[in-house]
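The primary structure of each chain is shown beneath.
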Amino acid sequence: MKIGVMQGSLGEFDLAEVLQVVGLGRQYTGVELSLGDGHSGMIFVKSGHVVSASSDERQGHDAFKNLFRSKVGDFFVFRQDTPPDLPEPLGRLDTLLMDAVAERSGARFERPLEDVIQEQPTTPGVAPPPPGVPVPSSFPPPAVPEAAPARFGTRPPTPVRLTGSPRIVAFVSPKGGSGKSTLALNTALSLARRGHSVILVDGDVNGDVLSAIDARGRAKAGALDIVAGRASIAEALIATVMPRLKLLPAVGPTLPDIELVSRDPHERWVELLGTLAERCEVVVVDTPAGMFGTTRAIMRGATHVIGVLQAEVLASRSFQRFGEGLESLPEGRRPLVLGVALNMLQTRHQASLGVFQGALQNLPAEWLFDTTIPRHPAFLDATEEGVPLRQLDEEAPPPVAFLFDNLAGEIAERLELKRPKKRAQKLLE
Amino acid sequence: MLTENDRHAVRKSFRLVVPIADTAADLFYKRLFELKPDYRALFQGDISAQKRKLLRMLAFIVKSLDFEDAQWKDDVPPEQDLMLVVLALGRRHTELYRIPAESYGVVADALLWTLDYGLGEAFTPEVRAAWTRLYTLLAATMRLGAATVDRDGALTGAAAAERQGEEALLVQLSEAGIDEARLGAEEPS
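Computed from a prediction, not measured in an experiment: that's the story for all the values here.

Scoring rules and cut-offs
Residues numbered from 1 in each chain as written. Chains lettered and ligands numbered in written order. Predicted model: local features only at pLDDT ≥ 70, side-chain atom pairs only at ≥ 80, totals over all residues. Heavy atoms only, no water. Helix = DSSP H or I, 4+ residues; strand = E, 2+ residues; numbered from the N terminus. Contact = heavy atoms within 4.5 Å. Areas by Shrake-Rupley, 256 points an atom, 1.4 Å probe, with all protein chains shown as cover. Buried < 20%, exposed > 50% of the residue type's maximum accessible area, 1.4 Å probe, protein only. pLDDT = per-residue confidence, 0-100. Buried area = accessible area lost by both parts, 1.4 Å probe. Salt bridge = Lys/Arg side-chain N within 4 Å of Asp/Glu carboxyl O. Pairing = 2+ DSSP bridges. Expected span 1.5 Å × (residues − 1). Arc of directions from axis to C-beta. Axes fitted to C-alpha atoms, helices over the stretch in contact; angles between N-to-C directions. Parallel < 35°, antiparallel > 145°, perpendicular 65-115°, else oblique. Left-handed = near helix turned anticlockwise from the far one by under 90°.

Okay, the overall build of chain B next. Scanning chain B for helices and strands turns up eight helices and zero strands. Along its sequence from the N terminus, chain B presents helices and strands in the succession α-α-α-α-α-α-α-α. For chain B, restricting intrachain contacts to residue pairs at least 6 apart in sequence, the fraction spanning at least 24 positions comes to 81%. In the form shown here, chain B has an accessible surface area of approximately 8200 Å², with 54% of it arising from carbon and sulfur atoms.

Along the chain, the position of Ser103(B) falls in helix H5 (residues 103-119). On the basis of relative accessible area, Ser103(B) is assigned to the buried category, the value being 5%.

Residues at a pLDDT of 70 or more form 83% of chain A, whose mean pLDDT is 79. This model gives residues 107-164 of chain A a pLDDT under 50, and the stretch forms 93 contacts once residues within four places in sequence are excluded.

We now examine the interface of chain B and chain A. Each side of the interface is counted separately: chain B has 56 residues, and chain A has 56 residues. For chain B, the biggest contributors to the area lost against chain A are Met1(B), Trp72(B) and Met83(B); these three give 17% of the whole. Counting across the interface, chain B meets chain A through six salt bridges. Put simply, Arg92(A) and Glu4(B) hold a salt bridge, and the shortest N to O gap is 3.6 Å. The element best represented in the side of chain B that touches chain A is helix H6 (residues 125-144) of chain B, accounting for 13 residues.

Our next topic: the pairing of strand S4 (residues 49-55) of chain A. Sheet faces and side chains relate simply in a regular strand, where the side chains alternate between the two faces. Residues and elements named next belong to chain A. With five of its seven residues buried, S4 lies for the most part within the structure. Pairing of strand S3 (residues 40-46) with S4, which is carried by six bridges, proceeds in the antiparallel orientation. Its bridge partner being in S4, Val45 is matched across the sheet by Val50. The turn linking S3 back onto S4 is made up of two residues, and Ser47 within it adopts a positive phi angle of 50°. In the sheet, S4 pairs with strand S5 (residues 58-59) via two bridges, with the strands oriented antiparallel. Paired with Ser55 across the strands is Arg58, a residue of S5.

Right, let's get into helix H10 (residues 266-277) of chain A. Residue and element names in this part refer to chain A. For H10, spanning twelve residues, the distance from its first C-alpha to its last is 17 Å, which sits close to the expected 16 Å at 1.5 Å a residue. Every buried residue belonging to H10 is among His266, Trp269, Val270, Leu272, Leu273, Leu276 and Ala277, and all of these are buried. Taken around the axis of H10, the buried residues stretch over an arc of 165°, which confines them to a single face.

Residues and elements named next belong to chain B. For chain B, per-residue confidence averages 79 on the pLDDT scale, and residues scoring 70 or more make up 78% of the total. Predicted confidence is poor over residues 151-156, with pLDDT under 50, and the contacts of this stretch with residues over four places away or in other chains come to 17 contacts. Throughout residues 183-189 the model reports pLDDT below 50, and contacts reaching past four residues in sequence, or to other chains, amount to 18 contacts. Scoring the predicted complex yields pTM 0.48 and, for the interface, ipTM 0.84.

Counted under the stated rule, the structure contains 23 salt bridges over all chains. The salt bridge involving Lys46(A) is made with Asp75(B); its shortest N-O contact spans 2.9 Å. In this pair, Lys46(A) is assigned in strand S3 and Asp75(B) in the loop between helix H3 (48-64) and helix H4 (82-96), connecting two distinct chains. Judged by relative accessible area, Lys46(A) falls into the buried class, the value being 0%. We note a salt bridge from Asp214(A) to Lys36(B), for which the minimum N-O separation is 3.9 Å. Of this pair, Asp214(A) sits in the loop between helix H6 (208-212) and helix H7 (223-227) while Lys36(B) sits in the loop between helix H2 (21-35) and H3, on two different chains.

A pair of packed helices is captured by two measures, namely the crossing angle of their axes and the spacing between those axes. All names here are of chain B. For the pair helix H1 (residues 4-17) and H3, interaxial distance at closest approach is 9 Å and the crossing angle is 140°. Judged by the angle between their axes, H1 and H3 are oblique. Regarding H1 and H3, the two cross each other, and that crossing is left-handed. Contacts between H1 and H3 involve Val10, Arg11 and Phe14 from the former and Leu58, Ala59 and Val62 from the latter.

In structure tokens, the structure reads:
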């Protein structure tokens, strides 16, 4: 007996998405399809295995792939008793799905994340790190002789960019909760206040930038929709009350295509960020936690990265990934390290100060910004109000808000941004 | 796409969560309300019952992923089927609790933050990627809960879904080795 489970339109729920959901179940489950081109088909799944597939005159693998040719139609999912004579399955659902989706999109599916993580730069003429000289396995790393090459093997942060060349700055951190979104938002605002045109891009599917300003409902589309080819920049870009600051949210009202999250379409990110950089002086990008996945795609398109180091022991231990993540990018796609911003410093807490001291001793001296950001209740107040720190009180912002002006000043200097016109004002008329 | 390696990584890392389950649940809600203070109003009264529900659901999800490939032909009762239970959970969230769709992203953030904080160095990029993919898939399943149909004894309405979900999860805490007593007193229903 057929027992209905769910039904809907393929326009609303993609077939790959429906099948992945069905793959979670252990029931003998049928997916009946009526495609928009008048054809129909059926796929049976059990415990993540495709038992059978039929489509018009086709059977098996051929039928399975054939059912992905149309994105228009309806699906009906039902379960029924497992037949006693269950045949050998066609294969694992995840494998068949990856093949079918890759064929539909005409592109090879990205390698699994674990392979990407192992990737080493392969640029001709660039030797891999010699054996026995690995990147540090812990942070703070052990002291090294002065003559040793720059830690993590990254290039020194001496950005040499011609005026007018793109400036795409990604805020990255190996650890979640380190304050990337807060830093990206408030720094972007301060850069705009200094007179630079800025586009702030939220690259994290969680959409923390809009959450911070309580504006998730304002997003019609986002960067991930553009990367997926289902929205334009014009549709997604949001103007702010600051004339020089625009926001590009991560996503629109709905979560992006589930395939997209795991595929990391690197080149589309590169293209998107490059296009945005033509429309402003600085593109600031907030990235998801971690140095791989989407962050990696964004870093490939960025000209510079700012590492966000939370002044907390766990964060410092995972910060080694910052160097490793950069190191694993191919030479031609590796952004410059603009600096490392120490965040959430607690000067009355020894462990927090220890992280600061460790960073001073062990990171390349030029990496650390002079400005450090303390842990401060004003951040919670700003989040509650849904405003950037500086906007918490227009007349009298909390003093900590001014630190972002300092940080933005350092960033502008390191990026060699053309200084806005000076407006000196005499005290006496 | 949830791979076999992802399932393994999720199972293995969850074993490390079990001994600190009560703390993890505290951290999760602390982080959630830090990210979205207005969500506190969605949970009436004491949070203990909600913590218990969260851990039951997590334990159930992880246990459901724990089967060998060779066992694919084995049957599982519908009330213990991960797809059906999560579809029902999604339906409850939409129809009973009126949870906003945007909350999926916030919950993901809080969950990953909690795992990161709780697991420390064991929360490697691979483990993070596995949990992210699992959560994304579960969120998609919950969204599809709105598409469930009422036919021939299938889930009939949100209240039935509530019963089905709760019954399926009752035994999960003890099976996962989580000490329920540490989660605070059960709220009178």
